[in-house]
Amino acid sequence: KKIVFSAIQPSGQLTIGNYVGVIRQWIKMQNSYTCFYCIADLHAITIRHVSSELRKNILDTVSLYLACGINPRKNIIFLQSHVHQHAQLNWFLNCYTYCGELSRMTQFKNKSKRSIKNINSGLLNYPVLMASDILLYDTNVVPIGHDQIQHLELTRNIARRFNSCYGNIFTIPDKYVFGRNCNILSLLDPDKKMSKSDSNRNNVIFLLESIDSISKKIALAVTDSNSPPSIHYDIINKKGISNLLNIFSGLTDRTISNLELEFSGKSYQDFKSDIIEVISDFIKNLQSSYFYYRKNEDYLKKILNDGAFKACIKADTMLKKVKSAIGLI
Ligand code: TYM
(Lines give C-alpha, C1' and ligand atoms only; values in the text may rest on other atoms or scores of the structure.)
Protein backbone atom coordinates (compact mmCIF):
# COMPACT_ATOMS: atom_id res chain seq x y z
CA LYS A 1 0.00 0.00 0.00
CA LYS A 2 1.13 3.55 -0.71
CA ILE A 3 1.80 5.81 2.26
CA VAL A 4 -0.07 8.99 3.13
CA PHE A 5 1.17 11.53 5.67
CA SER A 6 -0.68 14.63 6.76
CA ALA A 7 -0.99 16.80 9.86
CA ILE A 8 -2.83 19.67 11.47
CA GLN A 9 -1.39 22.13 13.97
CA PRO A 10 -3.29 22.29 17.26
CA SER A 11 -2.77 26.05 17.29
CA GLY A 12 -6.46 26.86 17.72
CA GLN A 13 -9.86 25.41 16.98
CA LEU A 14 -10.22 23.52 13.71
CA THR A 15 -12.24 25.23 10.99
CA ILE A 16 -14.59 24.17 8.26
CA GLY A 17 -11.68 24.98 5.90
CA ASN A 18 -9.60 22.24 7.53
CA TYR A 19 -12.51 19.84 7.19
CA VAL A 20 -13.58 20.57 3.62
CA GLY A 21 -10.00 21.15 2.43
CA VAL A 22 -8.25 18.11 3.89
CA ILE A 23 -9.99 16.01 6.56
CA ARG A 24 -12.65 14.89 4.08
CA GLN A 25 -9.90 13.61 1.82
CA TRP A 26 -8.21 11.85 4.74
CA ILE A 27 -11.43 9.95 5.37
CA LYS A 28 -11.57 8.80 1.77
CA MET A 29 -7.88 7.90 1.68
CA GLN A 30 -7.95 5.70 4.79
CA ASN A 31 -9.47 2.85 2.79
CA SER A 32 -6.75 2.53 0.18
CA TYR A 33 -3.54 3.83 1.77
CA THR A 34 -1.50 3.34 4.93
CA CYS A 35 -2.16 6.69 6.59
CA PHE A 36 -0.18 8.60 9.19
CA TYR A 37 -2.40 11.35 10.58
CA CYS A 38 -0.34 13.47 12.90
CA ILE A 39 -1.04 16.36 15.25
CA ALA A 40 1.77 18.82 14.70
CA ASP A 41 2.19 20.11 18.25
CA LEU A 42 5.84 21.11 17.73
CA HIS A 43 4.76 23.39 14.92
CA ALA A 44 2.15 24.98 17.18
CA ILE A 45 4.76 26.46 19.53
CA THR A 46 6.32 28.66 16.84
CA ILE A 47 3.69 31.22 17.88
CA ARG A 48 3.38 32.33 21.54
CA HIS A 49 0.72 30.21 23.20
CA VAL A 50 -0.81 29.39 26.57
CA SER A 51 0.26 25.94 27.82
CA SER A 52 -3.14 24.94 29.17
CA GLU A 53 -4.76 25.92 25.88
CA LEU A 54 -2.28 23.89 23.86
CA ARG A 55 -2.97 20.85 26.06
CA LYS A 56 -6.69 21.31 25.51
CA ASN A 57 -6.35 21.94 21.76
CA ILE A 58 -4.34 18.75 21.33
CA LEU A 59 -7.05 16.60 22.91
CA ASP A 60 -9.78 18.55 21.08
CA THR A 61 -7.99 17.83 17.81
CA VAL A 62 -7.67 14.08 18.44
CA SER A 63 -11.36 13.96 19.34
CA LEU A 64 -12.23 15.83 16.17
CA TYR A 65 -10.17 13.45 14.05
CA LEU A 66 -12.20 10.58 15.52
CA ALA A 67 -15.51 12.43 15.26
CA CYS A 68 -14.86 13.21 11.59
CA GLY A 69 -14.48 9.50 10.95
CA ILE A 70 -10.72 8.89 11.04
CA ASN A 71 -10.59 5.31 12.25
CA PRO A 72 -7.83 4.64 14.83
CA ARG A 73 -7.75 0.95 13.92
CA LYS A 74 -7.04 1.67 10.26
CA ASN A 75 -4.74 4.67 10.63
CA ILE A 76 -1.79 5.75 12.70
CA ILE A 77 -2.94 8.77 14.70
CA PHE A 78 -0.15 10.33 16.75
CA LEU A 79 1.42 13.40 18.28
CA GLN A 80 4.52 14.79 16.59
CA SER A 81 6.31 15.45 19.93
CA HIS A 82 5.87 11.79 20.96
CA VAL A 83 8.12 10.63 18.13
CA HIS A 84 11.47 12.27 18.84
CA GLN A 85 12.81 11.33 15.41
CA HIS A 86 10.92 14.31 13.92
CA ALA A 87 13.04 16.80 15.84
CA GLN A 88 16.20 14.82 15.15
CA LEU A 89 15.67 14.63 11.40
CA ASN A 90 14.81 18.32 11.55
CA TRP A 91 18.39 19.07 12.61
CA PHE A 92 19.91 16.97 9.84
CA LEU A 93 17.67 18.53 7.19
CA ASN A 94 18.48 22.05 8.43
CA CYS A 95 21.96 21.39 7.15
CA TYR A 96 20.59 20.67 3.68
CA THR A 97 18.29 23.71 3.49
CA TYR A 98 19.39 27.21 2.53
CA CYS A 99 18.45 30.27 4.59
CA GLY A 100 17.36 31.98 1.37
CA GLU A 101 14.85 29.19 0.64
CA LEU A 102 13.32 29.61 4.09
CA SER A 103 13.15 33.38 4.12
CA ARG A 104 11.37 33.30 0.75
CA MET A 105 8.45 31.16 2.04
CA THR A 106 5.25 33.21 1.77
CA GLN A 107 3.84 31.82 5.04
CA PHE A 108 6.98 32.90 6.89
CA LYS A 109 6.79 36.34 5.32
CA ASN A 110 3.13 36.73 6.28
CA LYS A 111 3.55 35.41 9.81
CA SER A 112 6.59 37.53 10.52
CA LYS A 113 4.74 40.60 9.29
CA ARG A 114 1.89 39.82 11.68
CA SER A 115 3.93 39.12 14.81
CA ILE A 116 6.92 41.40 14.61
CA LYS A 117 7.62 40.82 18.31
CA ASN A 118 8.33 37.13 17.99
CA ILE A 119 10.04 36.19 14.73
CA ASN A 120 11.79 33.20 16.26
CA SER A 121 14.01 30.80 14.33
CA GLY A 122 11.41 28.05 14.81
CA LEU A 123 9.09 30.07 12.63
CA LEU A 124 11.76 30.25 9.94
CA ASN A 125 12.60 26.54 10.26
CA TYR A 126 8.97 25.50 10.32
CA PRO A 127 8.99 24.08 6.75
CA VAL A 128 12.09 21.98 7.53
CA LEU A 129 10.26 20.32 10.42
CA MET A 130 7.37 19.75 8.05
CA ALA A 131 9.78 18.16 5.55
CA SER A 132 11.04 15.93 8.37
CA ASP A 133 7.49 14.86 9.22
CA ILE A 134 6.86 13.81 5.66
CA LEU A 135 10.22 12.27 4.76
CA LEU A 136 10.48 10.08 7.88
CA TYR A 137 7.73 7.76 6.67
CA ASP A 138 8.59 7.06 3.00
CA THR A 139 5.51 9.09 2.22
CA ASN A 140 4.10 8.86 -1.30
CA VAL A 141 1.18 11.28 -1.02
CA VAL A 142 0.54 14.35 1.15
CA PRO A 143 -3.04 15.68 1.18
CA ILE A 144 -2.84 19.42 1.89
CA GLY A 145 -4.65 22.68 1.30
CA HIS A 146 -3.47 25.34 -1.12
CA ASP A 147 -1.47 27.25 1.52
CA GLN A 148 0.89 24.31 2.12
CA ILE A 149 1.86 23.67 -1.53
CA GLN A 150 4.98 25.81 -1.32
CA HIS A 151 6.13 23.90 1.77
CA LEU A 152 5.65 20.61 -0.04
CA GLU A 153 7.68 21.86 -3.00
CA LEU A 154 10.47 22.75 -0.57
CA THR A 155 10.21 19.27 0.99
CA ARG A 156 10.71 17.73 -2.44
CA ASN A 157 13.73 19.94 -3.09
CA ILE A 158 15.34 19.08 0.24
CA ALA A 159 14.75 15.37 -0.39
CA ARG A 160 16.23 15.54 -3.89
CA ARG A 161 19.24 17.48 -2.62
CA PHE A 162 19.88 14.93 0.12
CA ASN A 163 19.42 12.03 -2.30
CA SER A 164 21.83 13.57 -4.78
CA CYS A 165 24.50 13.52 -2.04
CA TYR A 166 23.85 10.04 -0.62
CA GLY A 167 21.74 7.92 -2.99
CA ASN A 168 18.05 7.17 -2.83
CA ILE A 169 17.37 7.59 0.88
CA PHE A 170 14.12 9.54 0.73
CA THR A 171 10.97 8.85 -1.26
CA ILE A 172 9.95 12.00 -3.15
CA PRO A 173 6.39 12.78 -1.99
CA ASP A 174 3.58 14.03 -4.23
CA LYS A 175 1.00 16.52 -3.13
CA TYR A 176 -2.71 15.80 -3.24
CA VAL A 177 -4.78 18.95 -3.46
CA PHE A 178 -8.49 18.62 -3.67
CA GLY A 179 -9.77 20.83 -6.50
CA ARG A 180 -11.60 24.00 -5.56
CA ASN A 181 -12.02 23.00 -1.92
CA CYS A 182 -8.32 23.28 -1.25
CA ASN A 183 -8.69 26.99 -0.58
CA ILE A 184 -11.68 27.90 1.55
CA LEU A 185 -11.71 31.67 1.95
CA SER A 186 -12.57 33.92 4.83
CA LEU A 187 -16.23 34.96 5.08
CA LEU A 188 -15.86 38.73 5.27
CA ASP A 189 -12.68 39.06 3.24
CA PRO A 190 -12.59 36.41 0.51
CA ASP A 191 -9.23 37.68 -0.70
CA LYS A 192 -7.57 35.64 2.03
CA LYS A 193 -7.91 32.07 3.28
CA MET A 194 -10.08 31.05 6.21
CA SER A 195 -7.60 30.55 9.03
CA LYS A 196 -7.97 29.25 12.58
CA SER A 197 -5.74 32.05 13.84
CA ASP A 198 -7.70 34.90 12.25
CA SER A 199 -8.19 37.69 14.78
CA ASN A 200 -11.65 38.47 13.38
CA ARG A 201 -13.68 35.40 14.33
CA ASN A 202 -16.48 36.43 11.98
CA ASN A 203 -14.23 35.34 9.12
CA VAL A 204 -14.14 31.76 10.30
CA ILE A 205 -16.54 28.86 10.90
CA PHE A 206 -15.16 26.69 13.69
CA LEU A 207 -16.10 23.03 13.93
CA LEU A 208 -16.90 23.41 17.62
CA GLU A 209 -18.99 26.54 17.48
CA SER A 210 -22.72 26.85 18.13
CA ILE A 211 -25.24 26.65 15.29
CA ASP A 212 -26.57 30.02 16.35
CA SER A 213 -23.24 31.71 15.98
CA ILE A 214 -22.53 29.98 12.64
CA SER A 215 -25.89 31.14 11.27
CA LYS A 216 -25.06 34.73 12.19
CA LYS A 217 -21.68 34.52 10.49
CA ILE A 218 -23.16 33.09 7.27
CA ALA A 219 -25.78 35.85 7.31
CA LEU A 220 -22.93 38.39 7.47
CA ALA A 221 -20.75 36.69 4.84
CA VAL A 222 -20.07 38.90 1.82
CA THR A 223 -21.98 38.12 -1.38
CA ASP A 224 -20.57 40.55 -3.92
CA SER A 225 -23.34 43.16 -3.73
CA ASN A 226 -22.10 45.13 -6.71
CA SER A 227 -22.54 42.32 -9.22
CA PRO A 228 -26.06 41.17 -10.31
CA PRO A 229 -27.46 38.84 -7.63
CA SER A 230 -27.03 35.51 -9.32
CA ILE A 231 -25.71 32.35 -7.74
CA HIS A 232 -22.98 31.05 -9.95
CA TYR A 233 -19.32 30.12 -9.60
CA ASP A 234 -16.90 32.89 -10.57
CA ILE A 235 -13.88 32.96 -8.28
CA ILE A 236 -12.59 36.22 -9.79
CA ASN A 237 -15.70 38.44 -9.73
CA LYS A 238 -17.89 36.62 -7.21
CA LYS A 239 -15.45 35.37 -4.61
CA GLY A 240 -17.89 35.38 -1.67
CA ILE A 241 -20.61 33.36 -3.39
CA SER A 242 -18.08 31.02 -5.01
CA ASN A 243 -16.57 30.35 -1.59
CA LEU A 244 -19.98 29.50 -0.11
CA LEU A 245 -20.66 27.25 -3.12
CA ASN A 246 -17.37 25.46 -2.41
CA ILE A 247 -18.32 24.89 1.22
CA PHE A 248 -21.82 23.71 0.22
CA SER A 249 -20.40 21.33 -2.37
CA GLY A 250 -17.66 20.12 -0.01
CA LEU A 251 -20.16 19.18 2.68
CA THR A 252 -22.71 17.52 0.43
CA ASP A 253 -20.60 15.95 -2.35
CA ARG A 254 -22.84 17.77 -4.83
CA THR A 255 -21.16 19.32 -7.87
CA ILE A 256 -21.00 23.09 -8.28
CA SER A 257 -22.98 22.92 -11.55
CA ASN A 258 -25.69 20.92 -9.82
CA LEU A 259 -25.91 23.62 -7.13
CA GLU A 260 -25.92 26.42 -9.71
CA LEU A 261 -28.87 24.74 -11.40
CA GLU A 262 -30.80 24.36 -8.15
CA PHE A 263 -30.26 27.98 -7.13
CA SER A 264 -30.71 29.61 -10.52
CA GLY A 265 -33.16 32.48 -10.15
CA LYS A 266 -33.11 32.26 -6.34
CA SER A 267 -32.02 35.02 -3.98
CA TYR A 268 -28.87 35.18 -1.89
CA GLN A 269 -31.14 34.86 1.12
CA ASP A 270 -32.62 31.56 -0.12
CA PHE A 271 -29.14 30.29 -0.80
CA LYS A 272 -27.86 31.37 2.60
CA SER A 273 -30.73 29.76 4.47
CA ASP A 274 -30.07 26.47 2.62
CA ILE A 275 -26.35 26.54 3.30
CA ILE A 276 -27.03 27.29 6.97
CA GLU A 277 -29.17 24.16 7.07
CA VAL A 278 -26.47 22.04 5.43
CA ILE A 279 -23.76 23.30 7.77
CA SER A 280 -26.02 22.90 10.84
CA ASP A 281 -26.82 19.26 10.02
CA PHE A 282 -23.15 18.52 9.54
CA ILE A 283 -22.04 20.37 12.69
CA LYS A 284 -24.73 18.81 14.90
CA ASN A 285 -23.67 15.28 13.97
CA LEU A 286 -20.01 16.09 14.24
CA GLN A 287 -20.32 17.74 17.65
CA SER A 288 -22.37 14.97 19.23
CA SER A 289 -19.74 12.47 18.15
CA TYR A 290 -16.99 14.84 19.30
CA PHE A 291 -18.44 15.18 22.82
CA TYR A 292 -18.68 11.42 23.07
CA TYR A 293 -14.94 10.97 22.40
CA ARG A 294 -13.78 14.09 24.24
CA LYS A 295 -15.15 12.82 27.58
CA ASN A 296 -12.81 9.88 27.62
CA GLU A 297 -9.28 11.26 27.90
CA ASP A 298 -7.82 7.85 28.78
CA TYR A 299 -9.07 6.46 25.50
CA LEU A 300 -7.66 9.45 23.57
CA LYS A 301 -4.28 9.05 25.26
CA LYS A 302 -4.27 5.33 24.49
CA ILE A 303 -4.84 6.07 20.82
CA LEU A 304 -1.93 8.53 20.87
CA ASN A 305 0.32 6.04 22.65
CA ASP A 306 -0.49 3.24 20.23
CA GLY A 307 0.01 5.61 17.31
CA ALA A 308 3.37 6.85 18.60
CA PHE A 309 4.55 3.27 19.12
CA LYS A 310 3.80 2.35 15.50
CA ALA A 311 5.10 5.62 14.05
CA CYS A 312 8.34 5.31 16.04
CA ILE A 313 9.23 1.98 14.45
CA LYS A 314 9.02 3.37 10.93
CA ALA A 315 10.61 6.71 11.86
CA ASP A 316 13.53 5.03 13.58
CA THR A 317 14.33 2.89 10.55
CA MET A 318 14.54 6.02 8.40
CA LEU A 319 16.56 7.98 10.94
CA LYS A 320 19.14 5.18 11.13
CA LYS A 321 19.40 5.16 7.32
CA VAL A 322 19.95 8.91 7.31
CA LYS A 323 22.59 8.84 10.05
CA SER A 324 24.52 6.10 8.37
CA ALA A 325 24.33 7.89 4.98
CA ILE A 326 25.73 11.06 6.54
CA GLY A 327 28.58 9.12 8.16
CA LEU A 328 27.60 9.24 11.83
CA ILE A 329 28.57 6.23 13.89
P1 TYM B 1 -2.76 23.83 9.34
O2 TYM B 1 -2.92 23.34 10.72
O3 TYM B 1 -2.71 25.31 9.10
O4 TYM B 1 -3.91 23.27 8.43
C5 TYM B 1 -4.11 21.87 8.32
C6 TYM B 1 -4.48 21.51 6.90
O7 TYM B 1 -5.68 22.19 6.51
C8 TYM B 1 -5.44 22.91 5.31
N9 TYM B 1 -6.21 24.16 5.37
C10 TYM B 1 -7.11 24.52 4.47
N11 TYM B 1 -7.56 23.93 3.35
C12 TYM B 1 -8.51 24.59 2.63
N13 TYM B 1 -8.99 25.82 2.97
C14 TYM B 1 -8.56 26.44 4.09
N15 TYM B 1 -9.03 27.62 4.42
C16 TYM B 1 -7.58 25.79 4.89
N17 TYM B 1 -6.95 26.13 6.05
C18 TYM B 1 -6.10 25.11 6.32
C19 TYM B 1 -3.95 23.19 5.31
O20 TYM B 1 -3.47 23.44 4.01
C21 TYM B 1 -3.40 21.92 5.88
O22 TYM B 1 -3.26 20.93 4.90
N23 TYM B 1 2.05 23.07 8.40
C24 TYM B 1 0.76 22.44 8.43
C25 TYM B 1 0.70 21.23 9.34
C26 TYM B 1 1.71 20.21 9.03
C27 TYM B 1 1.73 19.32 7.94
C28 TYM B 1 2.89 18.51 8.11
C29 TYM B 1 0.86 19.12 6.86
C30 TYM B 1 2.81 19.93 9.79
N31 TYM B 1 3.52 18.89 9.22
C32 TYM B 1 3.20 17.53 7.17
C33 TYM B 1 1.19 18.12 5.94
C34 TYM B 1 2.34 17.34 6.09
C35 TYM B 1 -0.25 23.46 8.88
O36 TYM B 1 0.03 24.44 9.47
O37 TYM B 1 -1.52 23.13 8.64
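Calculation notes
- Residues numbered from 1 in each chain as written.
- Predicted model: local features only at pLDDT ≥ 70, side-chain atom pairs only at ≥ 80, totals over all residues.
- Heavy atoms only, no water.
- Helix = DSSP H or I, 4+ residues; strand = E, 2+ residues; numbered from the N terminus.
- Rg over C-alpha atoms; globule rule 2.2 N^0.38 Å.
- Buried < 20%, exposed > 50% of the residue type's maximum accessible area, 1.4 Å probe, protein only.
- Contact = heavy atoms within 4.5 Å.
- Areas by Shrake-Rupley, 256 points an atom, 1.4 Å probe, with all protein chains shown as cover.
- Lys, Arg positive; Asp, Glu negative; His and termini not counted.
- Charge placed at Lys NZ, Arg CZ, Asp CG, Glu CD.
- Near = heavy atom within 4 Å.
- Polar contact = N/O pair within 3.5 Å; in protein donor to acceptor, adjacent residues only side chain to side chain.
- Nonpolar A, V, L, I, M, F, W, Y, C, P; charged D, E, K, R; others polar.
- 1 Å grid on protein atoms, 1.4 Å probe; cavity = no way out; pocket = protein on both sides within 12 Å on 5 of 7 lines; lining within 4 Å.
- Points joined across faces, edges and corners; volume = space filled by probe spheres on them.
- Axes fitted to C-alpha atoms, helices over the stretch in contact; angles between N-to-C directions.
- Left-handed = near helix turned anticlockwise from the far one by under 90°.
- Parallel < 35°, antiparallel > 145°, perpendicular 65-115°, else oblique.
- UniProt positions renumbered as here; feature names shortened; annotations may be inferred.
- Expected span 1.5 Å × (residues − 1).

Visitor: Talk me through the overall build of the chain; I want residue IDs and the actual numbers.
Guide: Helix and strand content of the chain: 13 helices and five strands. In terms of C-alpha radius of gyration, the chain reaches 20 Å, essentially the compact-globule figure of 20 Å for 329 residues. Dimensions of the chain, computed from C-alpha atoms along their principal axes, come out at roughly 70 × 45 × 40 Å. When each of the 329 residues of the chain is scored for burial, the buried share is 52%. For the chain, long-range pairs separated by at least 24 residues make up 74% of all intrachain contacts whose partners lie at least 6 apart in sequence. Surface exposure of the chain reaches about 15,300 Å², of which carbon and sulfur atoms provide 53%. Counting 41 positive and 27 negative side-chain charges, the chain places the centres of these two groups 6 Å from one another.

Visitor: Outline the site of the ligand, supporting the account with residue identities and numerical values.
Guide: In the vicinity of the ligand there are 26 residues, among which Y126, D133, D147, I184 and K196 approach most closely. One of the side-chain nitrogen or oxygen atoms of D133 is found 2.6 Å away from a nitrogen atom of the ligand. Between the ligand and D147, the relevant distance is 2.5 Å, taken from an oxygen atom to a side-chain nitrogen or oxygen of the residue. Protein chains shield 98% of the accessible area of the ligand, which is 700 Å² for the free molecule. Contributions of two or more residues to the shell around the ligand are made by strand 1 (3-8), helix 1 (16-29) and helix 7 (121-135). When the residues that make up the shell around the ligand are grouped by side-chain class, the tally is 13 nonpolar, nine polar and four charged.

Visitor: How would you summarise empty space enclosed by the protein if you had to cite specific residues and measurements?
Guide: Tallying each qualifying case throughout the model produces two cavities of 30 Å³ or more. Every residue along the wall of the largest cavity is listed here: Q107, F108, K111, L123, Y126, P127 and H151. Mapped onto the lining of the largest cavity, the elements with two or more residues apiece are helix 6 (106-114) and helix 7. Here the residues of the lining of the largest cavity are counted per class, giving four nonpolar, two polar and one charged. In this structure, the second largest cavity occupies an estimated 40 Å³ of space. Lining the second largest cavity we find G12, Q13, L14, N57, D60, T61, L64 and L208. Of the residues belonging to the lining of the second largest cavity, the class tally is three nonpolar, four polar and one charged.

Visitor: Go over the packing of helix 10 (residues 239-252) against helix 12 (residues 268-294), please, and point to the residues and values.
Guide: Packed helices, taken two at a time, are described by the angle their axes make and the gap between the axes. Running from N to C, helix 10 and helix 12 cross one another at 35°; their axes reach a closest spacing of 10 Å. Like other packed secondary-structure pairs, helix 10 and helix 12 cross with a definite hand, here left-handed. On the side of helix 10, the interface is formed by I241, L244, L245, I247, F248, L251 and T252, while helix 12 contributes Y268, F271, K272, D274, I275, V278, I279 and F282. Partitioning the contact of helix 10 with helix 12 into residue classes produces twelve nonpolar, one polar and two charged.

Visitor: Can you tell me about the packing of helix 1 against helix 10, naming the residues and giving the values?
Guide: Following both chains from N to C, one finds helix 1 and helix 10 inclined at 50°, their axes separated by 10 Å at the closest point. If you check the angle between helix 1 and helix 10, you find them oblique. The way helix 1 lies across helix 10 gives a crossing that is left-handed. Contacts from I16, Y19, V20 and R24 of helix 1 reach helix 10 at N246, I247, G250 and L251. Each residue belonging to the contact of helix 1 with helix 10 can be placed in one class, and the counts come to five nonpolar, two polar and one charged.

Visitor: Account for the environment of Y37, with residues named and values stated.
Guide: Structurally, Y37 can be placed in strand 2 (residues 34-39). Sequence separation of Y37 and I76 is 39 residues, and the distance between their C-alpha atoms is 6.0 Å. Leave out the neighbours within four places in its chain, and Y37 touches V4, S6, W26, M29, Q30, Y65, I70, N75, I76, I77 and F78. Reaching out from Y37, the side chain makes a polar contact with the backbone oxygen of W26 at a distance of 2.9 Å.

Visitor: Please provide a residue-by-residue account of the UniProt feature "binding site: L-tryptophan" (unreviewed entry) in the chain, values included.
Guide: Within this numbering scheme, the UniProt entry marks D133 as carrying the feature "binding site: L-tryptophan" (unreviewed entry). Structurally, the position occupied by D133 is in helix 7. In contact with D133, other than residues within four places in its own chain, are F5, H43, Q80 and H86. Here Q80 takes part through its side chain, which lies 3.0 Å from a polar atom of the side chain of D133.

Visitor: Break down the side chain of D60 for me, citing the residues and quoting the values.
Guide: Topologically, D60 is positioned in helix 3 (residues 51-68). D60 gets classed as buried once you look at its relative accessible area, which sits at 5%. Within the structure, D60 has its side chain in polar contact with the side chain of Y290 (distance 3.0 Å). Once you skip the residues sitting within four places of it in the chain, D60 turns out to touch L208, Y290 and R294.

Visitor: Which residues make up helix 3, and what are the values?
Guide: With 18 residues, helix 3 extends 26 Å between its outermost C-alpha atoms, agreeing within 8% with the 26 Å of an ideal straight helix rising 1.5 Å per residue. Summarising burial for helix 3: 13 of the 18 residues are buried, a large majority. Within two residues after helix 3, G69 carries a phi angle of roughly 110°, on the positive side.

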